[in-house]
Amino acid sequence: MAKQRAAVLGVGQTHHRSKRLDVTIGGLCREAIDRALADAELTFDDIDAVVLGKAPDLFEGVMMPELMLADAIGATGKPLLRVHTAGSVGGSTANVAASLIHGGEHSRVLAVAFEKQSESNAMWALSIAVPFHMPVGAGAGGYFAPHVRSYIRRSGAPKHVGALVAVKDRRNGAKNQYAHLRQPDITLESVQASAMLWDPIRYDETCPSSDGACAIVLGDENAAQGRTAAWIHATAMRTEPTTFAGRDQVNPQAGKDAAAALWRDAGITDPLSQVDAAELYVPFSWFEPMWLENLGFVEEGQGWKLTESGETEIGGRLPINPSGGVMSSNPIGASGMLRFGEAAMQVMGRAGEHQVDGARIAVGHAYGGGSQYFSMWVVGAEKP
Amino acid sequence: MSIDVSIVSFAQAPNVRETHGTTNGVEMLVPTMKEALDRIGLSKKDIGFWCSGSSDYLAGRAFSFIAAVDAIGAFPPIHESHVEADAAWALYEAWVKIRTGEVDTALVYGFGKSSAGQLRRVLALQLDPYTVGPLWPDAVSIAGLQARLGLDAGLWTERDMAEVAARSRAANPAAQIYEQVTVDELLGRPYVADPLRKHDCAPITDGAAVVVLATADRAKDLCEQPARITSIQHRVESASLGARDLTASPSTVAAAKAANADGIALAELHAPFTHQEILLRQALGLGDEVVLNPSGGPLAGNPMFAAGLARIGEAATRLKPGERALAHATSGPALQQNLVCVLEAD
Amino acid sequence: MTQAPLSAPLDIGFDYTRSLGPTLSRFVTGLAQRRIFGARGSDGRVHVPPPEYDPVTSEPLTELIELAHTGTVTTWCWQPEPLAGQPLQHPFAWAFILLDGADTPMLHAVDAQDVHTGMRVRARWAEEGGNGIRDIECFAPDAPETEPRPADELTMITTPINLHYMHSASPEESLYLRGLAEGRLLGQRCPVCRKVYIPPRGACPTDGVPTEEDVELPDRGIVTTFCIVNVPFLGQRIKPPYVAAYILLDGADIAFLHLVLGCAAQDVRMGMRVEAVWKPRDEWGTTLQNIDHFRPTGEPDAPYDSYAGHL
């Protein structure tokens, strides 16, 4: 049997803030869900199943929170699935929801992802001192900074490229009404003057810590018929171990393999020319050039040149993170789904002030763990 | 025409009270995956999709599932996903994946080292964190409240519960709990949480389980008697304990109805408490003719996050030609979420 | 290997801060005022605590109804040995209590030796308010009648979560940790890919089989890559700034994270040759912390190509 076609019918997200003290965890999810259902012009009655994703349960101190959220997310009486694939989880959750439609199980599925980081402290949760281990770890920044250094050494990228990405993403974020950080006046100089946190990563080259949620309503061909939709052209997920002898931590094979499968299944032979916009998971600004190479938009070592040339700005050859990306809002578990949802918004023409003109094909990308979990999708304005 | 999927292999780590192994399950998973693959002559390269179920809170650390992929030897990279739930839900995700036509094989695994923490207290973190969780009601106490509701309503008796325990404990010499014991003897034992006695509660178990799935077409070539999955359905109930009907399991009823779970000869029920087995049996309409938990079920060994998957594997391997089996998995406080899988021998 | 693998306690604790939203804020504020509020659901049933979202339709429930402090036990379970954090620290009963005026029961503790289904109970209030559901200490048949009292609006509660685990090292890692206690760096070779892992692994990440053949490694090697940690954070064990570096020991095929001291942070380089500085022997345990840090040896840096495959 041929795979059933699937499409995004609606996308919703919260206003992302460092502390959303006005809502519960359920209320946070619901804000995104209500917007997604409204965007899709549907109600809970139309939803067959719910898939929820989030990063570690320790962040909110609730074990398998989808259970206590059943009523808030409209899952009661329905199938509910919980996905957890580290930082890539928001993307994986969207992909699992897509597979429920591709496989013919359901007509309409609601995918939800959230993180309410203000309930605890992510640095604490990610750096819990496990017995027998060296307490050298310093959260995600401490983990990724050495690999950024490796990238700079390997590619010969000039040091200001990370700052250029930060300026672009934060300025894009200023065009996004939901973004956590909205800094229209940020400059290369101000980024370079910001504190060095995990050398070589500066404060302004780092994502914020956000409370937020994202929801996507997906439907089958019947459900999408006759309405604006973002058709799913391909999905991909790949995993490799955190560490192994000879592992390339700068340009991981799992990311390369996922991208190769993605382009193949979407019928894309020249991603740089054929993709109109990409929402890539860039929690530290240097990951933009790194992922440009990993995804095969450019050859290895060339990513920083595309960034430096300004071609990844809105209006450039390949706008990256027109929404402002993870650099502007980072509700961890939801960050991947935001990338997938923003990609869909672009091809649906619903990205508002950060719309890329004429976007017909867009990519959503997420990664997690030690750059070892990858999930991606390609969405298009036309049926695949 | 949709794609039929079959179970072609099942293996599980020994169910034990406490392993020396790590909470990432590697020591249990390496031999168990090997056994499951060797049985059908496959290697990791032949697996199109991998999916696992486990819990960070069982291990006491964030991202505890990540190290488990080392057990696979996951390089070159693999097509993989993970559910923070019993691996029965990972099997569901893998079953869907095969039905998309993207892959034709999948390996599903679940693991848990319950002995690392205080399980009944850890599970209190599944309750509403605003109005219930701060009281730290533990999983055994919640089950006890449910058990007495049924006792008071005349849906079951303590003797009925002890009968379930006696049968489960005597079912499987290879299980963690194995003893020949009379119902009267069990009823003479003290309560641990009145109305529950020790035998009413599943033991603490460290364990892991692995199931390999393949399209029905491929399954024929891989094993002599694949068990075809005719349907899988699952439902969740409200999070509000007081608002739920705790003695009827409406989510199980709805899942079974959607799965056309009739004509069942054998059932493996994921009931970690004796009264829950009776409750589920009533909800599923399983009569005396149905062979129930021949493996001993969770009351004889309950590896968290693997026990539901193990029910599916146990049912698949015990299924006789021409018969239908039902495997059930549960998750959450007092049977909040339930999955029903119907199997047929080809 | 005959010795059991090493294990040690792992305690995790955090005081979670929970924002309550409008419905639960009113419930929690009510409790601080010694008033109990429920909510009427879409099917007409009055639930307490008030669910933020309807258990049938998922619609938000915002209309609250004040209920009595008294009710009836509808089911119970005895707790002979209370666990940490539970409402009472002497034997008590967990119970569903159907408050007068409610249609569905709430879960709480009952302080009564002769608890039974149908027992009439009343809320016994904690002295201190502002802790949400814990403002009700428990229910009891003989609890005194209590008048409401004023309290400010609450929009947050704090929920301490403290858990205790026993963390185990793998057999292979235990071998390595015991070696460290003797001042030795023990790696193992994978029987399939022949790579040397330190620490050794229960499963070679690329081959899925345990590493086997012991390989003792020297306490010197190179820095492959590193970062300088300038940021302080909760739970941090080392005072910043410090250099967190991947150290590739001579003869190993994988690097591990450690500290580099003995030179200015900005003088640490990729490819720099370093050696271990051990703590005094009487401070050694089964931990890599026996090595206080690595310091530059002064030897020429390793050429980039020699470690490019380890980045």
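Participant: Kindly report on the overall build of chain C, identifying the contributing residues and their values.
Facilitator: The helix and strand tally for chain C stands at three helices and 18 strands. Taking 2.2 N^0.38 as the reference for a compact globule, 311 residues should give roughly 19 Å; the C-alpha atoms of chain C span a radius of gyration of 30 Å, well beyond that estimate. Overall size of chain C, expressed as C-alpha extent along the three principal axes, is 80 × 45 × 40 Å. In chain C, buried positions account for 48% of the 311 residues.

Participant: Could you give me a rundown of the overall build of chain B, with the residues and numbers involved?
Facilitator: Summing up its helical and strand segments, chain B has 11 helices and 12 strands in all. For 346 residues, the compact-globule estimate of 2.2 N^0.38 gives 20 Å, and chain B sits close to it at 19 Å. With the C-alpha coordinates of chain B rotated into their principal frame, the extents come out at 55 × 45 × 40 Å. Relative to its 346 residues, chain B shows a buried fraction of 69%. Across chain B, every contact between residues at least 6 apart in sequence was considered, and the portion connecting residues at least 24 apart equals 79%.

Participant: So what's going on with the environment of leucine 338 of chain A? Residues and values would help.
Facilitator: Residue and element names in this part refer to chain A. Take leucine 338: it is sitting in helix H13 (residues 332-348). A C-alpha to C-alpha distance of 15 Å links leucine 338 and leucine 181, two positions 157 residues apart in sequence. Excluding residues that lie within four positions of it along the chain, leucine 338 makes contacts with Gln13, Gly90, Cys214 and Ser329.

Participant: Outline the nonpolar core, supporting the account with residue identities and numerical values.
Facilitator: The tendency in soluble globular proteins is for nonpolar side chains to be buried as a group. Formed by 363 residues in total, the largest nonpolar core has its most connected members in Val112, Ile216 and Leu218 of chain A, Val108 and Leu213 of chain B together with Val110 of chain C. Those residues in contact with valine 110 of chain C that sit more than four places away from it in its chain are Val73, Trp76, Phe92, Ala93, Ala95, Val115, Val121, Cys138, Phe139 and Ala140 of chain C.

Participant: A description of unusual backbone geometry should follow, citing residues and the corresponding values.
Facilitator: The omega torsion of the bond from phenylalanine 75 of chain B to proline 76 of chain B falls at 5°, within 30 degrees of zero and hence cis. Note the cis peptide between valine 48 of chain C and proline 49 of chain C, where omega equals -5°. Inspection of the secondary structure assignment puts proline 49 of chain C in the loop between strand E3 (46-47) and strand E4 (64-67). With a phi close to 75°, phenylalanine 305 of chain B is a non-glycine residue in the positive phi region.

Participant: Any chance you could break down the sheet that holds strand E2 (residues 36-40) of chain C for me, citing the residues and the numbers?
Facilitator: Residue and element names in this part refer to chain C. Ordered in space as E3-E2-E4, the three strands form an open sheet in which the pairing is antiparallel. Two strands in the sheet have a free side with no partner beyond their single neighbour: E3 and E4. For E2 and E4, the ladder comprises four bridges, and the chain directions are antiparallel. Bridged to alanine 39 within E4 is leucine 64.

Participant: With reference to specific residues and values, describe the interface of chain A and chain C.
Facilitator: Across the contact, 50 residues belong to chain A and 55 residues belong to chain C. For the side of chain A that touches chain C, the element with the highest residue contribution is helix H4 (residues 139-155) of chain A, accounting for 10 residues. Residue classes in the side of chain A that touches chain C are distributed as 24 nonpolar, 18 polar and eight charged. Looking at chain direction, strand E5 (residues 196-199) of chain A and strand E14 (residues 220-229) of chain C are connected through two bridges and run antiparallel. By the bridge assignment, tryptophan 198 of chain A is partnered in E14 of chain C with valine 229 of chain C.

Participant: Describe helix H5 (residues 139-152) of chain B, naming the residues involved and giving the relevant values.
Facilitator: Between its first and last C-alpha atoms H5 of chain B spans 20 Å; for 14 residues at 1.5 Å apiece the expected length is 20 Å, and the two agree. For H5 of chain B, the buried fraction is high: 12 of the 14 residues fall into the buried class. Looking at the packing, one finds that the buried side of H5 of chain B touches helix H4 (119-122), strand E5 (191-193), strand E6 (196-197) and helix H10 (274-284) of chain B together with strand E5 (70-79) and strand E6 (92-99) of chain C. One or two steps after H5 of chain B, the chain reaches glycine 154 of chain B, where phi turns positive at roughly 75°.

Participant: Any chance you could break down the sheet that holds strand E12 (residues 196-197) of chain C for me, citing the residues and the numbers?
Facilitator: Read from one edge of the open sheet, three strands run E12-E11-E13 (chain C), paired in antiparallel fashion. Bordering the open sheet on either side are E12 and strand E13 (213-217) of chain C, each of which pairs with just one other strand.

Participant: Outline the confidence of the model for chain C, listing residues and values.
Facilitator: Chain-level pLDDT for chain C is 95 on average; 98% of the residues reach the 70-or-more range. This complex was scored by the predictor with a pTM of 0.97 and an ipTM of 0.97.

Participant: Provide a residue-level description of the environment of phenylalanine 244 of chain A, including the pertinent values.
Facilitator: Considering the arrangement of structural elements, one finds phenylalanine 244 of chain A in the loop between strand E8 (230-239) and helix H8 (253-266). Classification of phenylalanine 244 of chain A by C-beta neighbours within 10 Å gives buried; the count is 23. Residues contacting phenylalanine 244 of chain A, with those up to four places away along its chain left out, are Phe75 of chain B together with Pro205 and Thr206 of chain C.

Participant: Describe the packing of helix H9 (residues 250-258) of chain B against H10 of chain B, naming the residues involved and giving the relevant values.
Facilitator: Residue and element names in this part refer to chain B. One can describe the packing of H9 onto H10 by two numbers: an axis separation of 9 Å at closest approach and a directional angle of 40°. On the basis of the axis angle, H9 is oblique to H10. In the packing of H9 onto H10, the handedness of the crossing is right-handed. On the side of H9, the interface is formed by Thr252, Val253 and Ala256, while H10 contributes Leu280, Ala283 and Leu284. Its residues placed into classes, the contact of H9 with H10 shows five nonpolar, one polar and no charged.

Participant: Talk me through the packing of helix H3 (residues 87-99) of chain B against helix H11 (residues 307-318) of chain B; I want residue IDs and the actual numbers.
Facilitator: All names here are of chain B. The geometry of H3 relative to H11 is characterised by a closest axis approach of 6 Å and an angle of 60° between their N-to-C directions. The angle between H3 and H11 places the two elements in the oblique class. Here H3 contributes Ala87, Ala88 and Leu91 to the contact with H11, which in turn contributes Gly308, Leu309 and Ile312. Residue composition of the contact of H3 with H11, by class: five nonpolar, one polar and no charged.

Participant: Describe in detail the environment of alanine 258 of chain B, supporting the description with residues and values.
Facilitator: With respect to the helices and strands, alanine 258 of chain B occurs in helix H9. For the pair formed by alanine 258 of chain B and threonine 23 of chain B, sequence separation is 235 residues and the distance between their alpha carbons is 36 Å.

Participant: Which residues make up helix H1 (residues 21-32) of chain C, and what values do they have?
Facilitator: Between its terminal C-alpha atoms H1 of chain C stretches 16 Å, which fits the 16 Å expected from 12 residues at 1.5 Å a residue. H1 of chain C sits mainly inside the fold: nine of its 12 residues count as buried. All of the buried residues in H1 of chain C are Gly21, Thr23, Leu24, Phe27, Val28, Thr29, Gly30, Leu31 and Ala32 of chain C. In this structure, the buried side of H1 of chain C is in contact with helix H1 (25-40) of chain A together with strand E1 (7-19), E2, strand E9 (136-140) and strand E10 (156-168) of chain C. With its phi angle positive at about 60°, arginine 34 of chain C sits one or two positions after the end of H1 of chain C.

Participant: I'd love a proper account of the pairing of strand E7 (residues 106-110) of chain C, names of residues and values included.
Facilitator: All names here are of chain C. Burial of E7 is extensive: five of the five residues sit out of reach of the surface. One ladder, built from five bridges, connects E6 with E7; its direction is antiparallel. Each bridged residue has a counterpart across the sheet, and for phenylalanine 96 the counterpart in E7 is leucine 107. Here E6 folds back onto E7 in antiparallel fashion, the turn holding six residues, of which glycine 101 has a positive phi close to 100°.

Participant: How would you summarise the pairing of strand E7 (residues 211-220) of chain A if you had to cite specific residues and measurements?
Facilitator: Residue and element names in this part refer to chain A. Judged by how many residues are buried, E7 sits mostly within the fold: 10 of 10 residues are covered. Both strand E4 (residues 108-116) and E7 contribute to a ladder of nine bridges, which runs antiparallel. The partner of leucine 110 across the bridge, within E7, is valine 217.

Thresholds, definitions, all that
- Residues numbered from 1 in each chain as written.
- Chains lettered and ligands numbered in written order.
- Predicted model: local features only at pLDDT ≥ 70, side-chain atom pairs only at ≥ 80, totals over all residues.
- Helix = DSSP H or I, 4+ residues; strand = E, 2+ residues; numbered from the N terminus.
- Rg over C-alpha atoms; globule rule 2.2 N^0.38 Å.
- Buried ≥ 20, exposed ≤ 12 C-beta atoms within 10 Å, placed from the backbone.
- Contact = placed C-beta atoms within 7 Å.
- Core = buried A, V, L, I, M, F, W, Y, C linked by C-beta atoms within 7 Å.
- Pairing = 2+ DSSP bridges.
- Nonpolar A, V, L, I, M, F, W, Y, C, P; charged D, E, K, R; others polar.
- Expected span 1.5 Å × (residues − 1).
- pLDDT = per-residue confidence, 0-100.
- Axes fitted to C-alpha atoms, helices over the stretch in contact; angles between N-to-C directions.
- Parallel < 35°, antiparallel > 145°, perpendicular 65-115°, else oblique.
- Left-handed = near helix turned anticlockwise from the far one by under 90°.

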